[in-house]
Amino acid sequence: MDQSVNTGNYFVAGYVVILVLILAYAASLFVRWKKLQAEWDRLIERKKLH
Amino acid sequence: MMKQSKWLTVLDVITGLLFLTALCLVFFFTPEDAMMGAVQKVFYFHVSSAWVGMLAFFLSAISGAGYLIKHNRIWDHVSESAVEIGLVFSVIGIISGSIWAKPIWNTWWTWDPRLTTTAIMVLIYLAYRMLRSGVDDPDRKARYAAIYAIVGFLSVPFTFFSIRLFRTIHPVVIGLSESGGGLNMDTVMVRTLVFCLCTFTVLFCTFLWHRINLAQLTETVDELRFMSEEDK
Amino acid sequence: MNSVRDYFQVLRAIIWKDLKMEWRNRELISGMLMFALLMILIFNFALELESHTSAGLSAGVLWVTLIYSGAIGINRSILSERENNCLDSLLLAPTDRSAIFFGKAVGIWVVMLAASAVLLPVYSMLYSVFLLKDGFFLVIILGTAGYALAGTLLAGMSAQSRARDSLLPLLLLPVTFPLILASVKTSTGLLQGFALADVQTWISLLVVYDILFIVLGLLLFERIVEE
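Cut-offs applied
Residues numbered from 1 in each chain as written. Chains lettered and ligands numbered in written order. Predicted model: local features only at pLDDT ≥ 70, side-chain atom pairs only at ≥ 80, totals over all residues. Helix = DSSP H or I, 4+ residues; strand = E, 2+ residues; numbered from the N terminus. Buried ≥ 20, exposed ≤ 12 C-beta atoms within 10 Å, placed from the backbone. Rg over C-alpha atoms; globule rule 2.2 N^0.38 Å. Contact = placed C-beta atoms within 7 Å. Nonpolar A, V, L, I, M, F, W, Y, C, P; charged D, E, K, R; others polar. UniProt positions renumbered as here; feature names shortened; annotations may be inferred. Axes fitted to C-alpha atoms, helices over the stretch in contact; angles between N-to-C directions. Parallel < 35°, antiparallel > 145°, perpendicular 65-115°, else oblique. Left-handed = near helix turned anticlockwise from the far one by under 90°. Expected span 1.5 Å × (residues − 1). Core = buried A, V, L, I, M, F, W, Y, C linked by C-beta atoms within 7 Å. pLDDT = per-residue confidence, 0-100.

S.K.: Explain the overall build of chain B residue by residue, including any values.
M.R.: Scanning chain B for helices and strands turns up six helices and zero strands. Taken over the C-alpha atoms alone, chain B extends approximately 70 × 45 × 30 Å along its principal axes. Sorting the 232 residues of chain B into buried and exposed places 45% on the buried side.

Structure, rendered in structure tokens:
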């Protein structure tokens, strides 16, 4: 296989994709958690007012 | 304000450290494959992602059964969370596999048993999510989801076996089914792979814990919302 | 002993009721056949089928046609049960609910078999392939049985969702993938002139799949219809 030298680009691309997807998922978990917390706070506040 | 458990934060830090170590191992301390060059290193995270996908779907079927037996909502949260994480990692597995396949096999995609089975698995669990979003009543939603998680998971070995059989009848197709088998792995490579597998398993546990928290909070918020609408 | 007799009585009653209704209005079979013929027509031009098509293509076209018209039939059968509130009264029957499952599944299976009984000769005529072999019947019987079982199980859920009939194929097709593959491969093999013994592995795959869904229906259908 003569292209054994120049597979480096694919290697980098592979890890970029993997890392981006994992980080994106972690971020989405974080964002959803924060949003829900805000919603929860709002609802609790409203409950106290009543 | 709902706080997340102290232990979860500890787990977050451990997972982060493990993940960085795994990356360093792969990038700097593992030799390149003589035949395939650098791209072969995608292998470590590719296999680990695929493993986590499988593990997650297995767990979703188990917790589905748990829900049907125990009727405790926590099992439904586990099942739902596992499916979501499993989907993410299966997709990562497929994409990283494609990127590896392109320079080595000169194609992005082959219909070999593992690839095809993973693709069908992704479709099954996308359908699982559609089923969930299509049913309103929370109890019924949990029940149906549990049933579909079990049925879907049980069909996976059949799918794999049938494609395997399909391929042995057609020997024309390039024998790619042993994706890892062609590698001559030395001990350092094996060590890196085992380390990556463990790291991804820990990563899965961390994500799962976060996702279950999220599912529980979603339920609480939904209940609160429902109650405050009733107050009016 | 009595409960076993009750079980089979309920089972027979459901199958009988479905088939009698079907005999009277022919709603399912006419819809399925119409659809199947349209599919064959479209395939003919889309794939440019000649009058002597290859065995693999024939088997593929035949099964895709059967699968899709089958999904339509299953949807109809389960939804009509809901619309007429038949299911509620069926649930009152003093026996295990899986009897309802098997009753519905057998009803759909018989209709699918009837549809293929029309489809096979028509297809044989149109494309000059002789499909009416005994091995072929076995594949059709086993394949449609598994499809009817899996379809009935999943349609019980999709009928309760907001999307209703559009959800069933999405749930059903990925799960029945091995069944479809096995049916197509066995049919292809038989059309190419192989004996049944040569496609034994595929046949056993079909049998095991059918058994799996019988067991799943027995265990899980109860939990689908409970309120």
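What follows picks up the thread again.
S.K.: Hey, could you go over the overall build of chain C for me, with residue numbers and the actual values?
M.R.: If you tally the helices and strands in chain C, you get nine helices and zero strands. Taking 227 residues into account, the globule formula puts the C-alpha radius of gyration at 17 Å, and chain C, at 18 Å, falls close to it. Based on the C-alpha atoms only, the size of chain C along its principal axes is roughly 55 × 35 × 30 Å. Expressed as a percentage of contacts within chain C between residues at least 6 apart in sequence, the contacts between residues at least 24 apart total 83%.

S.K.: Got a sec to walk through the interface of chain B and chain A? Specific residues and values, please.
M.R.: The partner chain A presents 28 residues to the 31 residues of chain B that form the contact. Looking at the side of chain B that touches chain A, the elements that each hand over two or more residues are α2 (42–70), α3 (73–105) and α6 (187–231) of chain B. Grouping the amino acids of the side of chain B that touches chain A by side-chain chemistry returns 19 nonpolar, seven polar and five charged.

S.K.: Got a sec to walk through the interface of chain C and chain B? Specific residues and values, please.
M.R.: Between chain C and chain B, the contact holds 23 residues from the first and 24 residues from the second. Those elements giving two or more residues to the side of chain C that touches chain B turn out to be α7 (167–175), α8 (177–191) and α9 (200–225) of chain C. Per-element tally for the side of chain C that touches chain B: the top contributor is α9 of chain C, with eight residues.

S.K.: Just give me the short version of the UniProt feature "transmembrane region" (unreviewed entry) in chain B, but keep the residues and values in it.
M.R.: All names here are of chain B. Annotation from UniProt places "transmembrane region" (unreviewed entry) at residues 7–29, 49–69, 81–101, 113–131, 143–163 and 188–209. Between the C-alpha atoms that bound residues 113–131 there is a distance of 26 Å. The span itself is 100% helix and 0% strand. For the annotated span residues 143–163, helix accounts for 100% and strand for 0% of the residues, and the straight-line distance between the end C-alpha atoms is 31 Å.

S.K.: So what's going on with the packing of helix α6 (residues 134–158) of chain C against α9 of chain C? Which residues, and what values?
M.R.: When two helices pack together, their arrangement is given by the angle between the helix axes and the distance between those axes. All names here are of chain C. In contact at an axis separation of 9 Å, α6 and α9 are set at 20 degrees when each is read in the N-to-C sense. With respect to their mutual orientation, α6 and α9 come out roughly parallel. For the pair α6 and α9, the sense of crossing is left-handed. Residues Leu142, Gly143, Ala145, Gly146, Leu149, Ala150, Leu153, Gly156 and Met157 of α6 form the contact with α9, whose participating residues are Leu206, Val207, Tyr209, Asp210, Phe213, Ile214, Leu216, Gly217, Leu220, Phe221, Ile224 and Val225. Looking at side-chain class alone, the contact of α6 with α9 contains 16 nonpolar, four polar and one charged residues.

S.K.: Can you lay out α8 of chain C for me, pointing to particular residues and giving the numbers?
M.R.: Quick reminder: α-helices carry 3.6 residues per turn. Residues three or four places apart thus point the same way. Residue and element names in this part refer to chain C. With 15 residues, α8 should reach 21 Å at 1.5 Å per residue; the first-to-last C-alpha distance of 21 Å fits that figure. Of all 15 residues in α8, 14 are buried, a share of seventy percent or more. Positive backbone phi, approximately 95 degrees, marks Gly193, located one or two places after α8.

S.K.: Run through the arrangement of the chains, naming residues and quoting values.
M.R.: Contacts are most numerous between chains A and B, taken over all two pairs of chains that touch. Nothing in chain A touches chain C, and the closest approach of their C-alpha atoms is 25 Å.

S.K.: Describe the environment of Leu8 of chain B, naming the residues involved and giving the relevant values.
M.R.: Residues and elements named next belong to chain B. Mapped onto the fold, Leu8 is located in helix α1 (residues 6–28). Note on Leu8: 13 C-beta atoms within 10 Å, which makes it partly exposed. In sequence terms Leu8 and Thr206 are 198 residues apart; their C-alpha atoms lie 7.4 Å from each other.

S.K.: I'd like a description of the nonpolar core, backed by residues and values.
M.R.: If you look at the biggest cluster of nonpolar residues, it comprises 128 residues, and the most contacted ones within it are Ala56, Tyr128, Leu131, Ile147, Tyr148 and Ala149 of chain B together with Leu171 of chain C. A total of 15 residues in this core trace back to one element, the largest contributor, which is helix α5 (residues 98–127) of chain C. Among residues more than four places away in sequence, those in contact with Leu131 of chain B are Tyr144, Ala145 and Tyr148 of chain B together with Met157, Ser161, Leu167 and Leu171 of chain C.

S.K.: Could you give an account of the confidence of the model for chain B, naming the residues involved and the relevant values?
M.R.: All names here are of chain B. In the predicted model, chain B carries a mean pLDDT of 87, and 90% of its residues have values of at least 70. By mean pLDDT, the top-scoring element of chain B is α2 (94), and the lowest-scoring one is helix α5 (residues 138–169) (88). Confidence over residues 169–181 falls short of pLDDT 50; this stretch has ten contacts with residues more than four positions distant or in other chains.

S.K.: Quick one: what's the story with the UniProt feature "transmembrane region" (unreviewed entry) in chain C, residue by residue and with numbers?
M.R.: Residue and element names in this part refer to chain C. This chain's UniProt record puts "transmembrane region" (unreviewed entry) on residues 28–47, 53–74, 106–130, 136–155, 167–184 and 199–221. Within residues 167–184, the helical portion is 94% and the strand portion 0%, while the C-alpha atoms at the span's ends are 24 Å from each other. Split by type, residues 199–221 is 96% helix and 0% strand. Its first and last C-alpha atoms lie 32 Å apart.

S.K.: Hey, could you go over the packing of helix α1 (residues 8–49) of chain A against α2 of chain B for me, with residue numbers and the actual values?
M.R.: Where α1 of chain A contacts α2 of chain B, the two axes come as close as 9 Å, and the packing angle between them is 35 degrees. Our pair here, α1 of chain A against α2 of chain B, has a crossing hand that is left-handed. Between α1 of chain A, through Phe11, Gly14, Tyr15 and Ile18 of chain A, and α2 of chain B, the contact on the second element is made entirely by Val42, Phe45 and Ser49 of chain B. Its residues placed into classes, the contact of α1 of chain A with α2 of chain B shows five nonpolar, two polar and no charged.

S.K.: An account of the confidence of the model for chain C is needed here, citing residue identities and associated values.
M.R.: All names here are of chain C. For chain C, the mean per-residue pLDDT works out to 87, and 98% of the residues sit at or above 70. Here helix α4 (residues 86–91) stands out as the least confident element of chain C, with mean pLDDT 74; α7 is the most confident, with 94. Interface confidence in the predicted complex, given as ipTM, is 0.90; pTM for the same model is 0.90.

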